[in-house]
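Here are the chains, one letter per residue:
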Amino acid sequence: MKILVAGGAGYLGSVLIPRLLERGYSADVVELFWFGNHLPDDVGILNKDIFDVSVEDLRTYEQVIFLAGLSNDPMAEFSPSKNFIFNAAAPAYLAYISKRASVKRFIYASSCSVYGYTENELYDENRPAVSSYPYGISKLQGEQAAMQLADREFSVIALRKGTVSGFSPRMRLDLIINTMFKTAVRDGMITVNNPSIWRPILDIEDAASAYIRAVEASQSISGVFNIASANMTVGEVADLVKATVEPELQLKIALVIKQSQDFRNYKVNIEKAERTLSFHPRGNVRSIVLNLIEHRAKFSDWDNPAYYNIEVLKRLEARLAGKAMSGPGRSGN
């Protein structure tokens, strides 16, 4: 099977694509490589903007996976306009031309952020999605645009993922467990802004497994699926990171507990994904931290801007602004 992964050189794609190749699939990416290229050499590359992808480009693919877009709230709030273009319009366009190209399945990277702030309830896929922030709104718009194209010939699966953490060759240190690990090792402390807030935590290996389950699902299956390894309060996550790091690295870690307001609070039910996709998570906070410990030498330059998506976006924006300022007939480069 031949699969195209939009945004495949990012944090999750850099873990998912090697696993697809191990299973005998042919995987190509359509990418602008904002975050570099950490993919195997035998991955095919369409080095172009998603909006420049044509029906003819997609004729040979059986499935298309959309991992592209702006990936978190800080990026969305920094550039709301790009957030809606990349997270809502881009997947809508790619799903539309995928269907026209007779692609059999479109898999969309949605997010549990669509739920916004919920009270102490476990949300399944039928509960209201009421986020009032740019990131959650745009992810729901992209999801809805893709889902309305589903029919018997064109399967659409949207994976509403929890907060992903763990090691990737394209590393990020702006995710909950990864951030706690960084400050624990570098500063000897973990700061918890609000210990009572709930988050669905997702091991990056479980996230990759969810996409594999979606790729390999019966052609008759379409739908929206919550994906998480576990639901936990931020306070419990911090306790588990501390309890793993201290004995493994012989460090003493302090907890700094605050009571900051947070407008994101949700926990999700994954029974539909277990029942329909055979998704059964194996990861937990301890396994994520042990994986980070094993690979820590590969990302120990903690302040490298490449590990923080918002910093990459800011630099890209500044570079584009500089090119615009130089313009035709100017000498800047």
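What counts and what doesn't
Residues numbered from 1 in each chain as written. Predicted model: local features only at pLDDT ≥ 70, side-chain atom pairs only at ≥ 80, totals over all residues. Heavy atoms only, no water. Helix = DSSP H or I, 4+ residues; strand = E, 2+ residues; numbered from the N terminus. Buried < 20%, exposed > 50% of the residue type's maximum accessible area, 1.4 Å probe, protein only. Contact = heavy atoms within 4.5 Å. Pairing = 2+ DSSP bridges. Axes fitted to C-alpha atoms, helices over the stretch in contact; angles between N-to-C directions.

J.: Outline the overall build of the protein chain, supporting the account with residue identities and numerical values.
T.: Of regular secondary structure, the protein chain possesses 11 helices and 14 strands. By its C-alpha atoms, the protein chain is 60 × 55 × 40 Å across when sized along the principal axes. Of all 333 residues assigned to the protein chain, the portion counted as buried reaches 53%. Sequence-distant contacts, at least 24 apart, represent 80% of the contacts inside the protein chain between residues at least 6 apart.

J.: I'd like a rundown of the sheet that holds strand β11 (residues 223-227), residues and numbers included.
T.: One open sheet accounts for seven strands, arranged β3-β2-β1-β4-β5-β7-β11; its pairing is parallel. At either end of the open sheet lies a strand with only one pairing partner, and these are β3 (44-46) and β11. On average, adjacent strands in this sheet sit at an angle of 20° to one another, irrespective of strand direction.

J.: Let's hear about the sheet that holds strand β10 (residues 198-203): which residues, and what values?
T.: As summarised here, the arrangement of the three strands in space is β8-β10-β12, forming an open sheet in which the pairing is mixed. Single-partner strands in this sheet number two, and they are β8 (163-165) and β12 (230-233). When the angles between neighbouring strand axes are averaged without regard to direction, this sheet yields 45°. Pairing of β8 with β10 involves three bridges; the strand directions are parallel.

J.: Give a detailed account of the pairing of strand β9 (residues 189-192), specifying residues and quantitative values.
T.: Across the two faces of β9 the burial differs, with I190 and V192 buried and M189 and T191 not buried at all. As paired elements, β9 and strand β13 (residues 254-257) share four bridges and run parallel to each other. Paired with M189 across the bridge in β13 is A254.

J.: Could you give me a rundown of helix α1 (residues 13-22), with the residues and numbers involved?
T.: Looking only at α1, the buried set comprises G13, S14, V15, L16, I17 and L20. Taken together, the buried residues of α1 touch β1 (2-6), β2 (26-30), β4 (63-66) and α7 (204-215). At the C-terminal side of α1, G24 shows a positive phi close to 90°.

Read these as layout, nothing more, since geometry by itself doesn't imply function.
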